[in-house]
Amino acid sequence: MTTILVTGGTGTLGRLVAERLRTDGHEVRVLSRRTQPYAVDLREGGDALDAAVAGVDTIVHCASAQKGDEQAAANLIRAARGAGVRHLVYISIVGVDRVPFGYYKSKLAVEQLVEESGLGWTVLRATQFHDLLVMVLQGLSKLPVLFLPAGVRDQPVEVAEVADRLVELAAGEPAGRVEDLGGPEVRTFESLARAYLKASGRRRAVVNVPLWGAAYRGFRSGGHLTPGRAVGTGTFEKYLAARFGDGQVRTGSGRSRA
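Worth saying up front: this structure is predicted, and the values here are computed from it rather than measured. (Residues numbered from 1 in each chain as written. Predicted model: local features only at pLDDT ≥ 70, side-chain atom pairs only at ≥ 80, totals over all residues. Heavy atoms only, no water.)

### Some thoughts on helix 5 (residues 130–140)
Spelled out, the test is: Buried means the residue's accessible area, taken with a 1.4 Å probe over protein chains only, is under 20% of the maximum for its type, while exposed means over 50%, and partly exposed covers the values in between. Only DSSP runs of H or I reaching four residues or more are called helices, and only runs of E reaching two or more are called strands; each is numbered from the N terminus. Taken from the helix axis, the directions to the C-beta atoms give the arc we talk about. Residue contacts are defined here by distance: any two heavy atoms, one from each residue, within 4.5 Å place the two residues in contact.
His-130, Leu-133, Val-134 and Leu-137 are the residues of helix 5 that are buried. Taken around the axis of helix 5, the buried residues stretch over an arc of 95°, which confines them to a single face. Contacts from the buried residues of helix 5 go to strand 6 (145–149), strand 7 (153–154), helix 7 (189–200) and helix 9 (236–244).

Take a look at the structure:
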């Protein structure tokens, strides 16, 4: 078994990856900004990062933020080269090369850094996690009316299935860009929102609003979807049932509340 470093190893995806790798018998180091003994801000790098990667065979790079991902990846790659890391596995997003959205542009730039790193590398692109979709819908449903981007579809995937695939890739040889991993269904955003409202016991009017801009056009055209790689099996409804149960968020009086 090998020593594997998981960046972002306390996050939604990274935590599951680390758990599965340990179950498979690997020595796992979890790197995050606040978790000892490998508490490292990748955007800063330095001696702590060098210590974290020393003696590591494979890195699974799950850490991500709204800003600074390119610098973080550059620091990680620099340290990995210095430590003689054999394999760098990176999780990216379906559509980063087709949807001109700021965060996607950064993910694509990191892909390019990984490819040009001189390390053995593997890149997996996945569609959005169920967890992220619910987080977005929770924010949108704070208002009495749930406003949605008109004409947009989504293909959410179960994060555990992405973790399983990353563990498989980390245990193998560098494979370059592998086939995308998409959720089992391409759905309208409205149908997903209504499923969320029902499961969470919320009542909201739903209004589809046309937006503008290149990113919106990219999402509306389905640039973030991979219908030909709908290999995930966990549906959004199955995720909602596990998370919300019967859909009744109850107060002490037994009534449902939004």
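### Quick look at the environment of Leu-146
Mapped onto the elements of the fold, Leu-146 is located in strand 6. By relative accessible area, which is 0% here, Leu-146 ends up buried.

### Some points on the packing of aromatic side chains
Note the following rule: Aromatic rings from Phe, Tyr and Trp, taking only the six-membered ring of Trp, are treated as a pair when their centres fall within 6.5 Å; an angle between ring planes under 30 degrees marks them as stacked, one over 60 as edge-to-face, and anything in between as tilted.
Following the criterion strictly, the structure yields 5 aromatic pairs and no others. Ring geometry for Phe-101 against Phe-219: centres 5.7 Å apart, planes inclined by 65°, an arrangement best described as edge-to-face. Linking Phe-101 in the loop between strand 4 (87–93) and helix 4 (102–115) with Phe-219 in helix 8 (residues 214–220), this pair joins segments that are 118 residues apart in sequence. Overall, the relative accessible area of 36% leaves Phe-101 in the partly exposed class. Residue classification places Phe-219 among the buried residues on the basis of a relative accessible area of 18%. Judged by centre distance (5.6 Å) and plane angle (75°), the rings of Tyr-104 and Phe-219 are edge-to-face. Separated by 115 residues along the polypeptide, Tyr-104 in helix 4 and Phe-219 in helix 8 bring together distant segments of the chain. Each of the two residues, Tyr-104 as well as Phe-219, counts as buried. Chaining the aromatic ring pairs together yields one cluster made of Phe-101, Tyr-104 and Phe-219.

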